[in-house]
Amino acid sequence: AAQDKVSLRLQNYVSSCREPEGQEQKSHDISSASEDRNQLTYLVTDAPPWYLCIFLAIQHCLTAFGATISIPLILSEGLCLQHDSLTQSHLINSIFFVSGLCTLLQVTFGVRLPILQGGTFSLLTPTMAMLSMPQWECPAWTRNASLVDTSLLVFKEEWQIRLRNLQGSIMVASLLQIVVGFSGVIGFLMRFIGPLTIAPTITLIGLSLFESSAAKAGTHWGISAMTTLLIILFSQYLRLIPVPVPAYNKIKKLHTSKFYIFQRFSILLGIVVSWLFCYILTVSDVLPSNPAHYGHLARTDVKGNVISDASWFTFPYPGQWGVPAVSLAGVFGLMSGIFCTMAESVGDYYACAKLSGAPPPPRHAINRGIGVQGLGSLLAGAFGTGNGTTSFSENVAVLGITKVSSRRVILLSGVFMILIGIFGKISAVITTIPDPVVGGMFMVMFGVITATGISNLQSTDMNSSRTIFIFGFSMFSALSIPNWIVKNPGSLHTGVKEVDHVLHILLTTNMFVGGFLGFILDNTIPGTKRERGLPDREHEDVSDKFSASLELYDLPFGITSFLSSQSWVRYVPFCPWRDRDTDGRTEDNNVMLRRGSELSSHGEIVEMR
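Here the structure is a predicted model, which is why all the values come from computation and not from measurement. (Residues numbered from 1 in each chain as written. Predicted model: local features only at pLDDT ≥ 70, side-chain atom pairs only at ≥ 80, totals over all residues. Heavy atoms only, no water.)

### A look at the overall build of the protein
Working step 1: When helices and strands are counted, the protein shows 26 helices and four strands.
Working step 2: In the protein, of all internal contacts separated by at least 6 residues, the share reaching a separation of at least 24 is 82%.
Working step 3: Summed over its atoms, the accessible surface of the protein is roughly 27,800 Å², and 63% of this surface lies on carbon and sulfur atoms. (Helix = DSSP H or I, 4+ residues; strand = E, 2+ residues; numbered from the N terminus. Contact = heavy atoms within 4.5 Å. Areas by Shrake-Rupley, 256 points an atom, 1.4 Å probe, with all protein chains shown as cover.)

This is the structure we're talking about:
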């Protein structure tokens, strides 16, 4: 019955689109070419050849490279580590290791889509707000490179006490995500979180980091401008220019193949070229060697002997910086970031399923994905990365470019990220990137994050005065209120020290203020679903008519088959459950996935409901 229904819809579509005989052949050729371009090469459950898996996995790692190294580099300033490159390399090791571990957990036991996990910028804003409080402000001597001795115990205690409080707060805040995910509350909350809540929240993440990017770019504006221009050149102007590379297969033997290297590795190429240019200027003594002169930080030898001092192998482990502590104010501030990561990830799940030719993820998969992501943030806090974890939207976009959505590739990417986290020399090399090069990269990355937030408004009615009012007021208030509180630190005085700290962190976190105001106004001011940008129907589970294609969301190692015999499983919100009477009535998984992909390539939307 399912086959007949899909075939009938396809026939009706073809009949409705039939053109006059003179144009029929031409239209057929165009549609065939379009189908070839849109057809997925490998589906979620497919296994590409091992050599292709390795290449694509490395590409995913490189795509996540810029965002992953940015987080520890930004955190180092708030942790008083801006002059301790060796510890920065340890943080980079830790975040790569945990990101790989969380990716394996998410693809195996979480939402089970080919989605990469990594650090999140959503936690950076509340983290920096927490570290900017008077009791956590870095001493003046830690900002002076000539006064910092990284081997002294007093210096180690300065940054470790901050990191321990940060990681303990992250661990407690992540419990909220675990509970919301595994309890199934996320499905209820998403009914009230629309684009007018998400847009100001994500936009303000990028805007709140302008000081960090400007500070690094300002160490040498010429080098930072060159880095920015190179990334723009590669990612925008040269992205569609293929580069011939050698390739081999059994049919064509050794031949050349077109590879869009500028599109795939624009950020990495921009960093490498600028880095190499700084090295040439350093060895030729064009850049000043005196730390007091402008442009000194563009030299590649500023970091000293960090590469030689770093060990070849390092193994991150929970509690490596000591026993985590908890800051109540930090927990509440980081919870605002946790809510943002949940909203982002749910959107990524649906986008990933669409690009993968898979049916929309059912409720149990979304609940499990958010719950496992919470476990990932708990691990990130325990390992002391100073950050949490979320799904990487840029890697979801890679699926649409490569037409390979095999989760085996993402699993291998997770393994590679773990290996990067183990090799200490790799992270040490990364820390030697000159500050203006990093600043140029930040200018592009944070600008894209800002625009990504604004792009969430495309589903709303931007001609509506309601939409304009809510977004404009939320944004302006989120910039004004934190700025005033930072300039008037003694203005929040309730008489209870802990409450003052909580209010200070929340009200100086731009994304919390903007997201909170957007949420309240969007859910209280009357408006149609079209104005709010909400779907006509709530997210519902997919009908068991297509349960074969839903098997990709089942738990691995036969866990789902074992649980299906238990009637109580239907009441567990994160466990898949199907009536045993429907078993045997469905087609093979890959056949249904390919049929859905073929229909999608013709512009037909297959609703698996």
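### As for helix H4 (residues 65-78)
Working step 1: Of all 14 residues in H4, 13 are buried, a share of seventy percent or more.
Working step 2: One or two steps after H4, the chain reaches cysteine 80, where phi turns positive at roughly 70°. (Buried < 20%, exposed > 50% of the residue type's maximum accessible area, 1.4 Å probe, protein only.)

### Observations concerning the environment of arginine 466
Working step 1: Positionally, arginine 466 belongs in helix H21 (residues 465-487).
Working step 2: Here arginine 466 is in contact with Leu196, Leu521, Asp522, Ile525, Pro526, Gly527, Glu531 and Arg532, once residues within four sequence places are set aside.
Working step 3: Looking at arginine 466, its side chain comes within polar contact range of the main-chain oxygen of isoleucine 525, at 2.9 Å. (Polar contact = N/O pair within 3.5 Å; in protein donor to acceptor, adjacent residues only side chain to side chain.)

### Structural notes on the packing of aromatic side chains
Between two aromatic rings, the relevant description is the distance of the centres plus the angle of the planes.
Working step 1: Applying the stated criterion across every chain yields a total of twelve aromatic pairs.
Working step 2: On the basis of an interplanar angle of 45° and a centroid distance of 5.2 Å, the ring pair of phenylalanine 313 and phenylalanine 423 is categorised as tilted. Of this pair, phenylalanine 313 sits in the loop between helix H14 (306-309) and helix H15 (328-355) while phenylalanine 423 is found in the loop between helix H18 (407-422) and helix H19 (424-431), placing the two residues 110 residues apart along the sequence.
Working step 3: Ring pairs connect the aromatic residues Phe121, Phe442 and Phe446, which therefore count as one cluster. (Phe/Tyr/Trp six-rings, centres within 6.5 Å; stacked < 30°, edge-to-face > 60°.)

### Some remarks on the state of the cysteines
As used here, a disulfide is simply a covalent bond connecting the sulfur atoms of two cysteines.
Working step 1: Inspection of the entire model under this criterion finds one disulfide.
Working step 2: Bridging cysteine 80 to cysteine 138, the disulfide has an S-S length of 2.0 Å. Judged by the sign of its S-S torsion, about -95°, the cystine formed by cysteine 80 and cysteine 138 is left-handed. Of this pair, cysteine 80 sits in the loop between H4 and helix H5 (85-109) while cysteine 138 is found in the loop between helix H6 (124-131) and helix H7 (153-182), placing the two residues 58 residues apart along the sequence. Each member of the pair, cysteine 80 as well as cysteine 138, carries the same accessibility label: buried. (Disulfide = S-S within 2.5 Å.)

### Points about the nonpolar core
Across soluble globular proteins, nonpolar side chains have a tendency to be buried as a group.
Working step 1: Ranked by internal contacts, the top residues of the largest apolar core, which has 106 residues, are Leu113, Phe121, Ile186, Phe446 and Tyr553.
Working step 2: No other element matches H15, which puts ten residues into this core.
Working step 3: Counting only domains with at least three residues in this core, you end up with domain 1 (50-524) and domain 2 (546-600).
Working step 4: If near-sequence neighbours (up to four positions away) are discounted, phenylalanine 446 is found in contact with Ile74, Phe121, Gly206, Leu209 and Ser213.
Working step 5: Ranked by size, the runner-up nonpolar core spans seven residues in total, among them Phe97, Val98, Ala380 and Ile422. (Core = buried A, V, L, I, M, F, W, Y, C linked by side-chain atoms within 4.5 Å. Domains from an automatic or database assignment.)

### Considerations on the pattern of salt bridges
Working step 1: Scanning the model with the defined rule gives ten salt bridges in all.
Working step 2: Among the salt bridges present, the one from aspartate 522 reaches arginine 466, with a minimum N-O distance of 3.1 Å. One end of the pair, aspartate 522, is in helix H23 (residues 510-524); the other, arginine 466, is in helix H21, with 56 residues separating them in the sequence. This pair shows no difference in class: aspartate 522 is buried, exactly as arginine 466 is.
Working step 3: Where arginine 532 meets aspartate 522, a salt bridge forms, and the shortest distance between an N and an O atom there is 3.2 Å. Taken as a pair, arginine 532 in helix H24 (residues 529-532) and aspartate 522 in helix H23 lie far apart in primary sequence, ten residues in all.
Working step 4: Note on arginine 532: relative accessible area 14%, which makes it buried.
Working step 5: On the basis of relative accessibility, which here comes to 1%, the residue aspartate 522 falls in the buried class.
Working step 6: Through salt bridges with shared partners, a single ionic network connects Glu77, Lys216 and Asp435. (Salt bridge = Lys/Arg side-chain N within 4 Å of Asp/Glu carboxyl O.)

### As for the side chain of aspartate 461
Working step 1: By secondary structure assignment, the location of aspartate 461 is in the loop between helix H20 (435-455) and H21.
Working step 2: Relative accessible area serves as the criterion here: at 15%, aspartate 461 is assigned to the buried category.
Working step 3: Those residues within four positions of aspartate 461 in sequence are excluded, and the remaining contacts are Thr467, Arg530 and Glu531.

### A look at the side chain of serine 356
Working step 1: Within the secondary structure, serine 356 is located in the loop between H15 and helix H16 (363-383).
Working step 2: Those residues in contact with serine 356 that sit more than four places away from it in its chain are Leu40, Leu43, Val44, Pro114, Leu399 and Ser405.

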